[in-house]
There are 2 protein chains.
Amino acid sequence: MSRLTGGDPSLLRRINSTVVLRSLCADTTTALTLTELGRATGLSRPTVEGVVEGLIEAGLVAEAPDDPADARISRRGRPARRFRFRSEAGHLLGIELGPHRVAAVLADLTGRLVGSTSRQVDEGASADLRLERARATVADLLRRTDIARDSLRAVGVGTPGIVEADGTVRLGTALPGWTGLALGERLRRSFRCPVLVENDANAGVLAEHWKGAARGVDDVVMVLAGLSPGAGSLIGGRLHRGFGGAAGEIGALHLLGREATPERLLSTTDEPLHPLDEAAVARVFARARGGDEQAGRAMDRFLARLVHDVAALVLALDPELLVVGGWAAGLDGVLDPLRAELERYCLRPPRVALSLLGDTAVATGALRLALDHVHAELFTVESVDAAHTPDPTQRPPALP
Amino acid sequence: MSRLTGGDPSLLRRINSTVVLRSLCADTTTALTLTELGRATGLSRPTVEGVVEGLIEAGLVAEAPDDPADARISRRGRPARRFRFRSEAGHLLGIELGPHRVAAVLADLTGRLVGSTSRQVDEGASADLRLERARATVADLLRRTDIARDSLRAVGVGTPGIVEADGTVRLGTALPGWTGLALGERLRRSFRCPVLVENDANAGVLAEHWKGAARGVDDVVMVLAGLSPGAGSLIGGRLHRGFGGAAGEIGALHLLGREATPERLLSTTDEPLHPLDEAAVARVFARARGGDEQAGRAMDRFLARLVHDVAALVLALDPELLVVGGWAAGLDGVLDPLRAELERYCLRPPRVALSLLGDTAVATGALRLALDHVHAELFTVESVDAAHTPDPTQRPPALP
């Protein structure tokens, strides 16, 4: 089988190391002996021993303290050494940069939350001011949790707009000065680790899939139902960004109705609402709930528009589940009409659920991006034998 | 490395066999010697020899006749045996079952076309009649090309509607008696090989990707712009069917505009057109081109609606390329306004191209389905070491 590794001993070591690390991470609450690791991985005892030594040197594994209750100690007379993954070997940060707030969540290498915080930002704040606010928020969080900045292994960021692979915002109308901002580059000055920038709805759907309403559901669309609604999608458990990172930017569909923007639909006067004034929207919704007819009509108009946008997404993608988040999610009366209308117009209506994570969704999804990045580094070995196990859906090697 | 194959010698043989077959298929115009196969695969000469013998027995490989011009013969005194993939070892069929026609294309194991034919069917024909017409069309094609039915290795079928994995039509309003039809099961009675049924727009996009307007483009949406428009999408080169096989069924979006169905939009009288009467549509388009104002307004209404549907798809999916097919594709004046409107409303407008395959797209895509099925059988070995080379985008093994 040397063909599979090309006879490369260092690659073989890397594979073995990955296999051992995965076994230790499979249950981070239990430390394993060398014998147990050998059984779990199928590797010989000397191989396991060598690999574990290497992982200890790299700071990723530590010997666990003796457990006096462990039967293995008394039976054999001397304790069997046990090893654990050092989840504290590094930390991960998830940041939300939104129109009204910046938020940050901090976790260890297994994704376990260590702390979180958020601050208000004025919707009219410049990009510089917003970034400064984010830096201060992160510094505060690190200080309060007593985590050194050097310990950060990856930082994820979620923000409105179309985001390029390098973290530049190609188009971001919701935040002043956002379009064209080299957000990734700017943030990388504050961190010595990789910084991954993602659209906020994309981060949101990752979060709901990880710990929210979409747990265990791999085909899901999450709508951030704000005045400029956006959506993030998982297809087969993977984020669908689109060819240019613009997938799910259904806000533009409003333009097709010319004047039918949410700001106008929700207005109870001749003037449209301010595009970012969520408080004004909440007032209209509250008046509608209180029986105000004019506000009721405005809310109906807005809901019809939202249903239309969401139906477009559902018809294009056919998800198993639709998660509704964003500010509209906290307001009564959105979910039932949405469900009823989707049942009426979609050939196969999806389940509809409210976001479980609410306003922590974007930062949590950003954290998940950072976690995935570090896990990919820790747990992946290049697939040397990919050529021998082709994806059957890919083009075959040769067709005339 | 025995861990990777679990020490299973038959699996190792299968891997080696696959590798050799792939090398022979990489260029079906050139036969290879055992030495050349050894070089291409990294396998030892005795291994290659054993594998090739097995493939000859299986009917997949044949010894190529001596080439008198081959320098290897004269130099060594005796000819080096050369081997080739037997693309004639089996055949593949692609069938379109549409509202107005059934079509069939026949190819060898490399996908090279051997013959094709089509017949008209009345749009009101029953499911039985339509299936009978399909059977007659296939029988005629096999007879004319002198290919035995036993030679068929897989049959692909493209048809309107939402199609379940087993080939049952869950919903198909375009054809009488189609909803609920166990189409796969019915067709399997006529063939002794696998029969794969797929939505027509899905088949269409596979075809355009294979030999049409989307060659080399892996993120593409194809719209079949008929009176009930549907769409098929490739994401990262893979067909996106959706969770319930209903992805791209944007025809239902018309319902949201209540009365704004294409049949009404395109009508120049008070009565809507018949939903399947494409000839009537062509007449309206022709009158519009001739300067008839009423028809011109009808065409404008229809185009605005089509743009809206297509924009919804583009905003949801963000493809690199949009391919327009279906009957509207053959009519002037659709592409330019579509392009202009998409530029106006989409954050990142895709390239827009006409279908290159026209009315052969669906049958060609169905053929491609059959080809992929057979190639997956021939060229894939189960990925025993998948656990060691995880997809970094998948969930990691353990998170608290």
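Just so we're clear, the structure is a prediction, and the values are computed from it rather than from any experiment. The residue count restarts for each chain, going from 1 along the sequence in the order it is written. Numbering of ligands from 1 and lettering of chains from A proceed in the order in which they are written. Local features in a predicted model are, by the rule used here, given only for residues with pLDDT of at least 70; side-chain atom pairs are given and counted only at 80 or more, and totals for whole chains, interfaces and linings are based on all residues. Only hydrogens and water are removed before side-chain values are computed, so all heavy atoms of the structure are retained for them.

**Examining the environment of Leu234(B)**
Residue and element names in this part refer to chain B. Defined as follows: Elements are defined by DSSP. Helices are runs of H or I of four residues or more, strands are runs of E of two residues or more, and each kind is numbered from the N terminus. With a 1.4 Å probe rolled over the protein chains alone, any residue whose accessible area is under 20% of its type maximum counts as buried; one over 50% counts as exposed, and the rest are partly exposed. Any two residues having at least one pair of non-hydrogen atoms within 4.5 Å are treated as being in contact.
Note on placement: Leu234 falls in strand 12 (residues 230-235). For Leu234, a relative accessible area of 2% translates into the label buried. Here the alpha-carbon distance between Leu234 and Val205, two residues 29 residues apart in the chain, equals 7.1 Å. In this structure Leu234 touches Val205, Leu206, His209, Asp218, Asp219, Val220 and Leu239, once residues within four positions along its chain are discounted.

**Details of the sheet that holds strand 7 (residues 152-159) of chain B**
Backbone-to-backbone hydrogen bonds pair the strands of a sheet. The strands run either parallel or antiparallel. All names here are of chain B. This is how the line gets drawn: Between any two strands, at least two bridges found by DSSP are needed for them to pair. The axes are straight lines fitted to the C-alpha atoms, using for helices just the contacting stretch, and the angles between their N-to-C directions are given from 0 to 180°.
Read from one edge to the other, the open sheet built from 5 strands follows the order 6-5-4-7-10, with strand pairing classed as mixed. Bordering the open sheet on either side are strand 6 (113-120) and strand 10 (195-199), each of which pairs with just one other strand. The sheet shows a mean angle of 15° between the axes of neighbouring strands, taken without regard to direction. Bridge count for strand 7 against strand 10 is 5 bridges, and the pairing is parallel. Bridging from a neighbouring strand, Gly156 pairs with Leu196 of strand 10. Packed on one face of the sheet, helix 6 (residues 127-145) meets strand 4 (91-97), strand 5 (101-108), strand 6 and strand 7 and runs near 145° to strand 6.

**Thoughts on the packing of aromatic side chains**
The following threshold applies: Stacked, tilted and edge-to-face are the three classes assigned to paired rings of Phe, Tyr and Trp, where Trp is represented by its six-membered ring and a pair needs centres within 6.5 Å; plane angles under 30 degrees give stacked, over 60 edge-to-face, the rest tilted. Definition used: whenever NZ (Lys) or CZ (Arg) falls within 6 Å of the ring centre and also within 35 degrees of the ring normal, the charge is taken to sit over that ring.
Overall, the coordinates contain 0 aromatic pairs over all chains when judged by the stated rule. Positioned above the aromatic ring of Trp210(A), the side-chain terminus of Arg368(A) is 5.2 Å from the ring centre.

**A look at the pattern of salt bridges**
Inclusion rule: In the sections that follow, a salt bridge refers to a side-chain nitrogen of Lys or Arg positioned within 4 Å of a carboxyl oxygen of Asp or Glu.
A full pass over the atoms with the stated rule returns 40 salt bridges over all chains. Note that Glu88(A) and Arg84(A) form a salt bridge whose closest N and O atoms lie 2.8 Å from each other. Take Glu88(A): its relative accessible area is 33%, and that puts it in the partly exposed class. Residues Asp292(B) and Arg287(B) are paired through a salt bridge, measuring 3.1 Å at the closest nitrogen-oxygen approach. Judged by its relative accessible area of 28%, Asp292(B) is partly exposed.

**Let's talk about the pairing of strand 3 (residues 82-85) of chain B**
Residues and elements named next belong to chain B. Strand direction decides the pairing type here: strand 1 (residues 32-33) and strand 3, joined by 2 bridges, are antiparallel. Note that in strand 3 the partner of Thr33 across the bridge is Arg82. Pairing analysis gives 4 bridges linking strand 2 (residues 61-64) to strand 3, with the strands arranged antiparallel. Across the sheet, Ala62 pairs through a bridge with Arg84, a residue of strand 3.

**Observations concerning the nonpolar core**
To keep it simple, the criterion reads: Buried residues of nine kinds, namely Ala, Val, Leu, Ile, Met, Phe, Trp, Tyr and Cys, make up a nonpolar core once their side-chain atoms join them within 4.5 Å.
Within the largest apolar cluster, 68 residues are counted, with the highest numbers of intra-cluster contacts made by Leu322(A), Leu342(A) and Leu322(B). Filtering out sequence-adjacent residues up to four positions away, Leu322(A) remains in contact with Val221(A), Val223(A), Val310(A), Leu338(A), Leu342(A), Pro350(A), Arg351(A), Val352(A) and Ala353(A).

**Here we look at helix 3 (residues 34-41) of chain A**
Residues and elements named next belong to chain A. As a reminder, the rule being used: An arc is given here, and it is the one of the directions from the helix axis to the C-beta atoms.
Within helix 3, burial applies to Leu34, Leu37, Gly38 and Thr41. Projection of helix 3 onto a plane perpendicular to its axis shows the buried side chains occupying an angular sector of 100°, all on one side. Summarising the geometry of helix 3, the exposed residues directed more than 90 degrees from the buried face are Arg39 and Ala40. Looking one or two residues beyond helix 3, the residue adopting positive phi is Gly42, at roughly 80°.

**Thoughts on the confidence of the model for chain A**
Residues and elements named next belong to chain A. Note the cut-off: One confidence number per residue, pLDDT, is output by the predictor and ranges from 0 to 100.
Mean pLDDT over chain A: 84, with 84% of residues reaching 70 or higher. Every residue in residues 1-5 scores below 50 in pLDDT, and together they form 20 contacts with partners more than four places removed in sequence or on other chains. Across residues 383-400 the pLDDT falls below 50, and counting only partners more than four positions away or on other chains, this stretch makes 48 contacts in the model.

**Digging into unusual backbone geometry**
Its identity as a non-glycine residue notwithstanding, Asp146(A) has a phi of 60°, on the positive side. Structurally, Asp146(A) can be placed in the loop between helix 6 (127-145) and strand 7 (152-159). Residue Asp146(A) is classed as exposed on the basis of its relative accessible area, which comes to 69%. Of note in this structure, Asp318(B) is not a glycine but carries a positive phi near 55°. Tracing the backbone through its elements, the reader meets Asp318(B) in the loop between helix 12 (293-317) and strand 14 (321-325).

**Notes on helix 4 (residues 45-57) of chain B**
Residue and element names in this part refer to chain B. Applied cut-off: Helices are assigned an expected span. That span is 1.5 Å times one less than the residue count.
Taking 1.5 Å as the rise per residue, helix 4 with 13 residues should run 18 Å; its terminal C-alpha atoms sit 18 Å apart, in good agreement. Those residues of helix 4 that fall on the buried side of the exposure criterion are Val48, Val51, Val52 and Leu55. Axial view of helix 4: buried residues confined to an arc of 100°, hence all on one face. The exposed set on the far side of helix 4, more than 90 degrees from its buried face, consists of Pro46 and Glu57. Directly beyond the C-terminal end of helix 4, a positive phi value near 85° is found at Gly59.

**What about the packing of helix 12 of chain B against helix 13 (residues 335-345) of chain B?**
In helix packing, the relevant descriptors are the interaxial angle and the interaxial distance, both defined with respect to the helix axes. Residue and element names in this part refer to chain B. The condition that has to hold: Oblique is the label for any angle not under 35 degrees, not over 145, and not in the 65 to 115 range, which are roughly parallel, roughly antiparallel and roughly perpendicular in turn. Should the near helix be turned anticlockwise from the far one by less than a right angle, the crossing is termed left-handed; should it be turned clockwise, right-handed. In this count, Pro and Cys sit with the nonpolar residues alongside Ala, Val, Leu, Ile, Met, Phe, Trp and Tyr, while Asp, Glu, Lys and Arg are called charged and the others, Gly among them, polar.
At their nearest, the axes of helix 12 and helix 13 sit 10 Å apart, and the two run at 50° to each other. The pairing of helix 12 with helix 13 is recorded here as oblique in orientation. Judged by the twist between their axes, the crossing of helix 12 over helix 13 is right-handed. For the pair formed by helix 12 and helix 13, the contact residues are Leu303, Val307, Val310, Ala311 and Leu315 on the first element and Pro337, Leu338, Glu341, Leu342 and Tyr345 on the second. Residue classes in the contact of helix 12 with helix 13 are distributed as 9 nonpolar, no polar and 1 charged.

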